[in-house]
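Summary of structural features
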Amino acid sequence: MPKYEFEYRLFYENNERAGKLSQEDYNAYLEMIDFMREQGESIISIDIYMAEALKDFETAAAKGQKAKNLIGKDRKDYLKTLKQRVDYTGQLALRKMKESEGFQFSGVIMYLFAAVVCYFFREVLTGRYLLGFLVDLSIALFSAFFVAVGIYQRRKIIKRWNFTANTFIIDSFMLVISVLIVYMMRNQSYDISAVLLLGGFISSNLLMKREFNRIAYK
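Residues numbered from 1 in each chain as written. Predicted model: local features only at pLDDT ≥ 70, side-chain atom pairs only at ≥ 80, totals over all residues. Heavy atoms only, no water.

Summed over the entire model, instances satisfying the criterion amount to 13 aromatic pairs. Considering the side-chain rings of F145 and F146, the 5.3 Å spacing of their centres and the 80 degrees angle between planes classify their relative orientation as edge-to-face. A cation over a ring is seen here: R155 above F168, with NZ or CZ 4.5 Å from the ring centre. (Phe/Tyr/Trp six-rings, centres within 6.5 Å; stacked < 30°, edge-to-face > 60°. Lys NZ or Arg CZ within 6 Å of the ring centre and 35° of its normal.)

So this is what it looks like as structure tokens:
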């Protein structure tokens with residue numbers, strides 16, 4: 001996995017804190033991540049241990065010390081120290097809860113705005129607009145942006161935890177099939193796209209819950 005892609009998968013908080021370090025300390029931060037990758041640590045493990053390491057780096061910087069001197073020449077020994085200090089089980093549980101909630105919230109946003117996009121598509125097919133073409137188009141484009149954001153956020157969570165792509169497949173399928181349903185029912189006085197979107201939201205979240213439950217504590 002390319003370095004930039006790996007760093008992107010780490011939690012936002014660590015990346016933000018690391019960005020405030022001096023360039024030299026930031027380089028030491030990246031080198032420590034590379035070492036942990038070489039040791040076979042998972043993305044989540046690296047994030048948990050580097051959150052603790054960042055505390056060390058920030059404290060050292062406040063005292064005018066450098067991160068590389070704090071780590072020392074034996075990175076393996078420093079990693080061992082981090083593992084002894086960190087409540088891994090507690091931190092993992094905290095991240096699982098946060099990510100599960102984030103996945104559900106992004107799903108609410110994505111599916112809600114997807115329903116708005118479907119509604120506009122139906123308006124185009126029927127030629128009847130709620131607030132006028134330009135206004136409704138603006139709302140639909142705004143909604144499509146948040147659908148894309150939802151897909152992006154949910155995909156990022158899947159990759160970060162190395163989950164299967166099943167939830168992403170469900171999301172993609174439901175979004176596409178809902179648009180097709182709108183088209184197929186264009187001559188009807190109603191359509192069931194909203195029902196399908198609700199079903200997709202429930203299905204993908206239940207599946208993601210199972211994925212999180214499979215994660216073992218160590």
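Per the stated rule, a full pass over the model turns up 14 salt bridges. The salt bridge involving R214 is made with E211; its shortest N-O contact spans 3.6 Å. Taking the relative accessible area as the measure of exposure, R214 reaches 52% and is therefore exposed. In the salt-bridge network here, residues are joined through shared partners; they are E52, K55, D56 and R85. (Salt bridge = Lys/Arg side-chain N within 4 Å of Asp/Glu carboxyl O. Buried < 20%, exposed > 50% of the residue type's maximum accessible area, 1.4 Å probe, protein only.)

Within the sequence span of helix α6 (residues 75-85), burial applies to Y78, L79 and L82. Viewed end-on, α6 has its buried residues packed into an arc of 100 degrees, placing them on one side of the element. Opposite the buried face of α6, at more than 90 degrees from it, the exposed residues are K76, K80 and Q84. Its buried side turned inward, α6 meets α3 (23-38), α4 (43-62) and α5 (67-71). (Helix = DSSP H or I, 4+ residues; strand = E, 2+ residues; numbered from the N terminus. Arc of directions from axis to C-beta. Contact = heavy atoms within 4.5 Å.)

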